[in-house]
Amino acid sequence: MKFSANLGFLWTDRPLPDAIRAAKAAGFDAVECHWPYEVPVEAVRAALEETGLPMLGLNTRRGDTDAGENGLAALPGREVDARAAIDEAIAYAAAIGAACVHVMAGFAKGPEADAVFVENLSYACKAAHGHGITVLIEPLNHYDAPGYYLATTSHARAVIEAVGAPNLKLMFDCYHVQLMEGDLTNRLKGLLPIVGHIQFAGVPDRGAPDRGEVNYAHMFKVIDALGWTAPLGAEYKPGGPTEDTLGWFTLTR
Ligand SMILES: O=C(O)[C@@H](O)C(=O)CO
Ligand SMILES: [Mg+2]
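A short tour of the structure in this document, coming up. (Residues numbered from 1 in each chain as written. Chains lettered and ligands numbered in written order. Predicted model: local features only at pLDDT ≥ 70, side-chain atom pairs only at ≥ 80, totals over all residues. Heavy atoms only, no water.)

**Examining the overall build of the protein**
Part 1 of the argument: Assigned secondary structure in the protein consists of eight helices and eight strands.
Part 2 of the argument: The globule rule puts the C-alpha radius of gyration for 253 residues at 18 Å, and the 17 Å found for the protein is close to it.
Part 3 of the argument: In terms of overall dimensions, the protein has C-alpha extents of about 45 × 40 × 35 Å along its principal axes.
Part 4 of the argument: A buried classification covers 53% of the 253 residues belonging to the protein.
Part 5 of the argument: In the protein, of all internal contacts separated by at least 6 residues, the share reaching a separation of at least 24 is 76%.
Part 6 of the argument: Surface accessibility of the protein: about 10,600 Å² in total, with carbon and sulfur atoms responsible for 52%.
Part 7 of the argument: Of the side-chain charges in the protein, 20 are positive and 31 negative, and the distance between the mean point of each set is 5 Å. (Helix = DSSP H or I, 4+ residues; strand = E, 2+ residues; numbered from the N terminus. Rg over C-alpha atoms; globule rule 2.2 N^0.38 Å. Buried < 20%, exposed > 50% of the residue type's maximum accessible area, 1.4 Å probe, protein only. Contact = heavy atoms within 4.5 Å. Areas by Shrake-Rupley, 256 points an atom, 1.4 Å probe, with all protein chains shown as cover. Lys, Arg positive; Asp, Glu negative; His and termini not counted. Charge placed at Lys NZ, Arg CZ, Asp CG, Glu CD.)

**With respect to the coordination of the magnesium ion (ligand 2)**
Part 1 of the argument: Every protein donor of the magnesium ion (ligand 2) is listed here as E138 (OE), D173 (OD), Q199 (OE1) and E235 (OE), and their distances to the metal cover 2.0 to 2.1 Å.
Part 2 of the argument: Classification of the site at the magnesium ion (ligand 2) rests on its six donor atoms, whose angles at the metal span 75 to 175°, yielding the label octahedral. (Donors = N, O, S within 2.8 Å, 3.2 Å for Na, K, Ca; no water. Tetrahedral: all angles 85-135°; square planar, octahedral: opposite > 155°, others 65-115°.)

**Some words on the site of ligand 1**
Part 1 of the argument: What surrounds ligand 1 is the set H34, N59, H102, M104, E138, D173, H176, Q199, R206 and E235.
Part 2 of the argument: At a separation of 2.7 Å, an oxygen atom of ligand 1 approaches a polar side-chain atom of N59.
Part 3 of the argument: Within the contact set of ligand 1, an oxygen atom lies 3.1 Å away from a side-chain nitrogen or oxygen of Q199.
Part 4 of the argument: Relative to its unbound accessible surface of 260 Å², ligand 1 loses 92% to contact with the protein.
Part 5 of the argument: Here the shell around ligand 1 is built from residues that sort into one nonpolar, five polar and four charged. (Near = heavy atom within 4 Å. Polar contact = N/O pair within 3.5 Å; in protein donor to acceptor, adjacent residues only side chain to side chain. Nonpolar A, V, L, I, M, F, W, Y, C, P; charged D, E, K, R; others polar.)

**As for the side chain of E69**
Part 1 of the argument: On the secondary structure map, E69 appears in the loop between β3 (57–59) and α3 (79–96).
Part 2 of the argument: E69 sits in the buried class, given a relative accessible area of 18%.
Part 3 of the argument: A distance of 2.7 Å separates a polar side-chain atom of E69 from the backbone nitrogen of D64.
Part 4 of the argument: The contacts of E69, once residues within four sequence positions are left out, are R62, G63, D64, L75, R78 and F107.

**Quick look at helix α7 (residues 184–191)**
Part 1 of the argument: Among the residues of α7, L184, T185, L188 and L191 are the ones counted as buried. The buried residues of α7 occupy an angular sector of 145° when projected down its axis, which confines them to one face.
Part 2 of the argument: Structurally, α7 contributes buried residues whose contacts are with α5 (153–163), β6 (168–173), α6 (174–180), β7 (195–200) and α8 (216–225). (Arc of directions from axis to C-beta.)

**Points about the packing of helix α1 (residues 16–26) against helix α2 (residues 41–51)**
Part 1 of the argument: Closest axis-to-axis distance for the α1/α2 pair is 8 Å, and the angle between their directions is 15°. Looking at the two axes, α1 sits roughly parallel to α2. Viewed along their axes, α1 and α2 form a crossing whose handedness is right-handed. Contact residues: α1 offers L16, P17, I20, R21 and K24, while α2 offers A43, V44, A47, L48, E50 and T51. (Axes fitted to C-alpha atoms, helices over the stretch in contact; angles between N-to-C directions. Parallel < 35°, antiparallel > 145°, perpendicular 65-115°, else oblique. Left-handed = near helix turned anticlockwise from the far one by under 90°.)

**Some details on the environment of L232**
Part 1 of the argument: Structurally, L232 is set in strand β8 (residues 232–234).
Part 2 of the argument: As a C-alpha pair, L232 and D173 span 59 residues in sequence and 9.6 Å in three-dimensional space.
Part 3 of the argument: Once residues within four sequence positions are removed from consideration, L232 is found in contact with M1, K2, F3, S4, H197, I198, F200, F220 and I223.

Right, dumping it as structure tokens:
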């Protein structure tokens, strides 16, 4: 198995370039992040080149976080801001060779939001296509993100079908899927053709994956048996020094 360190949660005690170096030293095969925009592209690119780690993905900006926004792409009336965030994310991803951009939907619901999300995603997929970038959408659980537009994989599948772009895929985050829908093994098998990236964390506290209700020793075997070879995103909250939480690597043996 290969693993990607999600630097939105791991090694957040240091600047992003040093977090990339820490992930390399700990034995990760790749990195991914959330919102790198305050860090100069050159510094991130230099750390990636130095370590040889690929950056798998990053997220579009959430919007006005002081006002509680968590993404813009499904918000009626915010199309200009949503597309600026998409352009920014694609430009940053292209500059550091990142394979994916997660377009965050935000808090919205209803037919207007449905149409806006599909239109903004169509825009994102066209813009990303020329750079060979995959656009991801991710259902978030309703405990952490109540009211988030996208909460289930069935809704994500319907959106992906409505957009109909080959470079639009599902971020299958085992943590969110377990909290909302369960049946991880069968669900992942059924969704595999539309999955673009897989993430994991302990459930329900989002701690290290060797604790909680999900048996990741089993899940890693399932994922491997499905022929998935891309790195899996370790997106958990270490609750202390990240190095002290890496015992879960042994789950793959
Ligand atoms: O699962 C998550 O929370 C992340 O993957 C993310 O990108 C949105 O916060
Ligand atoms: Mg996630």
